[in-house]
Amino acid sequence: MPTATSEAHAAVPVAAPRRVAATIGAYVALTKPRIIELLLVTTIPTMVLAADGWPSLGLLLGTLVGGALSAGGAQVFNSYLDRDIDALMKRTRRRPLVTGAVSERGALVFAWVLSVVSTLWFWLVVGSPLAAVLNVVAIVGYAVVYTMILKRRTAQNIVWGGMAGCMPVLIGWAAVTQSLSWTPVLLFLIIFFWTPPHYWPLSMKFKGDYEQARVPMLPVVAPARKVAIEMVGYAAAMVATSLALAWVANMTWVYVAVAAAAGAWFLAACVRLYLRSKAGAAKLHEMRLFHASITYLSIVFAAVMVDPFLTDVLSVR
C-alpha cells in the first residue's frame, strides 16, 4: 500500500515539468508571439524583393530568427514598462507580469538578453552591421520613444511610435543588400500609413480600458467620426504608396492590380466605418476593420513576394 510519503515523491516528477512548462509559456507570452508573426510576414517578401528571387536559406532563416529575437525583446521591454497600465485594463490583466507568473527582475533580464543577442546575431551570424544598427534603432524606438515617451503623453502615440514596427522591412532589406534605397523606404511607409487604421479600431473597441488606464489613444480623446476621418486619410496614403512602389521597384502590372484591388477594398472598409460613425450608429463594427487590416497587409506583401518571379514582359517600365 502506498504511503503519503511515497505519493508525495511520485508527484514531484509530474509537478516539476508542469511548472517549468508554465514558466516557459509565461516568458514566451511576454514576447507577444502574434505581433512577431505579423512582423515576419513583412520581412520575408521584402527579402525576396531585395534578392530579386529567393535569398539563400541560411540568410532567410538567420534574419527571421534575429527578427523574432529583436521583436520579442522590444515587446518584453514594453510589457515591463507598461505593467502598471496592464493591471488596470481588462484586456491585459492576465499578462504574466500582472499575475506574477514572471518577476519584474526576470522580465527585465529577459528583455536585455533578447535585445543584445538579436543585435549580435545580426552582426555576427547574419553578417550585416547595418541590420544590427537598424535593430538597435527599432528596439529603442519601441521601448523608449513609443512606450516611455509617447504612449502616455500624446494622442498621436501610435502614429510616430508605430515607426518601430516598420523597421523589419529595412532590416530585411539591409540583410540582403547591405544597403538601403527608396524601395525599402516605400515598404516602410506602407506599414507606417497602415498602422493607424490597423490599431485605432482596436483602441475604439477597448476605449474604456484605455480611459481606465489614462492612456490618451486618439479614440479616447476624440470623437469616433474624427478618428474615422483620419483612418480614411492614412489608408488613402497607404494605397498611394503601395502603387508608387511598383514604379520605384520596377514591379509588374500583376502587383499593381493586386495592390489596387486590395487597397480599394480596405479603403472602402474605412469609409464604411466613417459613415457609421457619422450616422451615430450604436455599433461601429470596428473589429471588422481591425481584421481587414491584417488581411490587407498580408495580401499586399504576398504580392510583393510573388512579383520577382513573374516575367519582365509584365513590368510597369
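That block above? That's the structure.
Note that the structure is a prediction, hence the values are computed from the model and not measured.

Peer 1: Can you walk me through the packing of helix H7 (residues 129-150) against helix H9 (residues 167-177) in this structure?
Peer 2: The relative placement of two packed helices comes down to the angle between their axes together with the axis-to-axis distance. Closest axis-to-axis distance for the H7/H9 pair is 8 Å, and the angle between their directions is 170 degrees. The pairing of H7 with H9 is recorded here as roughly antiparallel in orientation. Residues Leu130, Ala131, Leu134, Asn135, Val137 and Ala138 of H7 lie in contact with H9, whose contacting residues are Met167, Leu170, Ile171, Ala174 and Ala175. When grouped by side-chain class, the residues that make up the contact of H7 with H9 number 10 nonpolar, one polar and no charged.

Peer 1: Honestly, the nonpolar core in this entry has me stumped. Any pointers?
Peer 2: A general trend in soluble globular proteins is that nonpolar side chains are found buried together. Core analysis: the largest hydrophobic core is formed by 78 residues, its most contacted members being Leu187, Trp200, Met231, Met238, Leu245, Tyr255 and Phe266. Top element by residues in this core is helix H10 (residues 182-205). It accounts for 12 residues. Judged by nonpolar contacts, the second largest core, of 12 residues, contains Val76, Val102, Leu114 and Ile139.

Peer 1: What is the right way to read the packing of helix H3 (residues 57-81) against helix H6 (residues 104-125) from this model?
Peer 2: Remark: H3 packs on H6, axes separated minimally by 8 Å, with the N-to-C direction vectors making an angle of 150 degrees. Here H3 lies roughly antiparallel to H6, going by the angle between them. With respect to the hand of their crossing, H3 and H6 are arranged in left-handed fashion. Contact residues: H3 offers Gly62, Thr63, Val65, Gly66, Gly67, Leu69, Ser70, Gly72, Gly73, Val76, Phe77 and Tyr80, while H6 offers Glu104, Ala107, Leu108, Phe110, Ala111, Trp112, Leu114, Ser115, Val117, Ser118, Trp121 and Phe122. Grouping the amino acids of the contact of H3 with H6 by side-chain chemistry returns 14 nonpolar, nine polar and one charged.

Peer 1: What is the right way to read unusual backbone geometry from this model?
Peer 2: The bulk of non-glycine residues show a negative phi, and the bulk of peptide bonds are trans. One non-glycine residue, Arg214, adopts positive backbone phi at about 60 degrees. Tracing the sequence through the fold places Arg214 in the loop between helix H11 (207-213) and helix H12 (218-221). Given a relative accessible area of 74%, Arg214 falls into the exposed group. Although it is not a glycine, His285 adopts a positive phi angle of roughly 55 degrees. In this structure His285 comes out as partly exposed when scored by relative accessible area, which is 29%.

Peer 1: Teacher, can you tell me more about the state of the cysteines here?
Peer 2: What we call a disulfide is simply a covalent bond connecting the sulfur atoms of a pair of cysteines. Tallying each qualifying case throughout the model produces zero disulfides. Left unpaired, Cys166 is separated from the closest cysteine sulfur, that of Cys270, by 16 Å. Among the residues examined, Cys270 registers a relative accessible area of 1% and is labelled buried.

Peer 1: Whenever I open this one, the environment of Ala236 confuses me. Can you help?
Peer 2: The residue Ala236 is located in helix H13 (residues 224-248) in this model. Distance in space between the C-alpha atoms of Ala236 and Cys270 is 9.6 Å, their sequence separation being 34 residues.

Peer 1: Looking at this structure, I do not really get helix H14 (residues 253-278). What am I missing?
Peer 2: Because each turn of an α-helix spans 3.6 residues, side chains separated by three or four positions in sequence point in the same direction. The terminal C-alpha atoms of H14 lie 36 Å apart, and with 26 residues this matches the ideal 38 Å at 1.5 Å per residue to within 8%. Taken residue by residue, H14 has Tyr255, Val256, Ala259, Ala262, Gly263, Phe266, Ala269, Cys270, Leu273, Tyr274 and Ser277 as its buried positions. Buried-residue contacts for H14 involve H10, H13 and helix H15 (286-306). Gly280 sits one or two positions beyond H14 and adopts a positive phi of about 75 degrees.

How each quantity is defined
Here the residue numbers are simple positions, counted from 1 along each chain's written sequence. Where totals are concerned, whole chains, interfaces and linings use all residues; where local detail is concerned, this predicted model gives features only for residues with pLDDT of at least 70, and gives and counts side-chain atom pairs only at 80 or more. Hydrogens and waters are ignored; side-chain quantities use all the structure's heavy atoms. Lines fitted to the C-alpha atoms define the axes, with helices restricted to the stretch that makes contact. Angles between their N-to-C directions range from 0 to 180 degrees. The secondary structure listing takes helices from DSSP runs of H or I that are at least 4 residues long and strands from runs of E that are at least 2 residues long, numbered from the N terminus. Here is the rule for angles: anything less than 35 degrees is roughly parallel, anything more than 145 is roughly antiparallel, 65 through 115 is roughly perpendicular, and the remaining ranges are oblique. Between two residues, a contact is recorded if the distance between any of their heavy atoms is within 4.5 Å. Asp, Glu, Lys and Arg are counted as charged, while Ala, Val, Leu, Ile, Met, Phe, Trp, Tyr, Cys and Pro are counted as nonpolar; the rest, among them Gly, fall into the polar class. As used here, the term nonpolar core means buried Ala, Val, Leu, Ile, Met, Phe, Trp, Tyr and Cys residues forming a set that is joined through side-chain atoms within 4.5 Å. Residue burial is assigned from relative accessible area. The probe radius is 1.4 Å, only protein chains are included, and a residue is buried under 20% of its type maximum, exposed over 50%, and partly exposed in between. Each crossing is labelled by how the near helix is turned from the far one, with a counterclockwise turn of less than a right angle marking it left-handed and a clockwise turn marking it right-handed. For the purposes of this analysis, a disulfide is any pair of cysteine sulfur atoms at a distance within 2.5 Å. Given the number of residues in a helix, its expected span is that number minus one, multiplied by 1.5 Å.

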